[in-house]
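Here's the letter readout for the chains.
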Amino acid sequence: MTWSALTTRSAYSLLEGASLPADLFAEAAACGVDAVGIVDRDAVYGLPQAHKAAKETGVRLVCGATLT
């Protein structure tokens, strides 16, 4: 069975996310999560780090943003 977290906010979502993308992907890999969707609020600032972390951990990255 596969599982994906598709609405994850990183620390780049001011006052809404707490973890850096590298930490999110490391934990996802440790838990056997197949994909993580980074959807920071009103920006894509966390995506460069998330892309790097996804390549290092083998967890698939789903890119997005939440617009307010």
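Quick note: structure is the one above.
Residues numbered from 1 in each chain as written. Predicted model: local features only at pLDDT ≥ 70, side-chain atom pairs only at ≥ 80, totals over all residues. Heavy atoms only, no water.

Attention now goes to the sheet that holds strand S3 (residues 60-66). In space, the three strands of this open sheet follow the order S1-S2-S3, with parallel pairing throughout. Whereas interior strands pair on both sides, the edge strands pair on one side only; in this sheet they are strand S1 (4-8) and S3. In this sheet, adjacent strand axes meet at a mean angle of 15° when their direction is disregarded. Where strand S2 (residues 35-41) and S3 come together, seven bridges link them in parallel fashion. Across the sheet, valine 36 pairs through a bridge with leucine 61, a residue of S3. Across the sheet, helix H2 (residues 47-57) lies against S2 and S3, angled at about 165° from S3, the strand it touches most. (Pairing = 2+ DSSP bridges. Helix = DSSP H or I, 4+ residues; strand = E, 2+ residues; numbered from the N terminus. Axes fitted to C-alpha atoms, helices over the stretch in contact; angles between N-to-C directions. Contact = heavy atoms within 4.5 Å.)

The next subject is the pairing of S2. Within S2, six of the seven residues are buried, leaving the element largely enclosed by the surrounding structure. Of the pairings in the sheet, the one linking S1 to S2 comprises three bridges and is parallel in character. When the sheet's bridge partners are listed, threonine 8 is paired in S2 with isoleucine 38. Handedness of the β-α-β unit built from S1, helix H1 (residues 21-31) and S2 comes out right-handed. (Buried < 20%, exposed > 50% of the residue type's maximum accessible area, 1.4 Å probe, protein only. Right-handed = clockwise from strand over helix to strand, strands pointing away.)

What follows deals with the packing of H1 against H2. In a pair of packed helices, the angle between the axes and the distance between the axes together describe the arrangement. The contact between H1 and H2 brings their axes to 8 Å, and the two run at 30°. Relative to H2, the element H1 lies roughly parallel. Note on packing geometry: the crossing formed by H1 with H2 is right-handed. Packed against H1, whose contacting residues are Pro21, Ala22, Phe25, Ala26 and Ala29, the element H2 presents Gln49, Ala50, Ala53, Ala54 and Thr57 at the interface. (Parallel < 35°, antiparallel > 145°, perpendicular 65-115°, else oblique. Left-handed = near helix turned anticlockwise from the far one by under 90°.)

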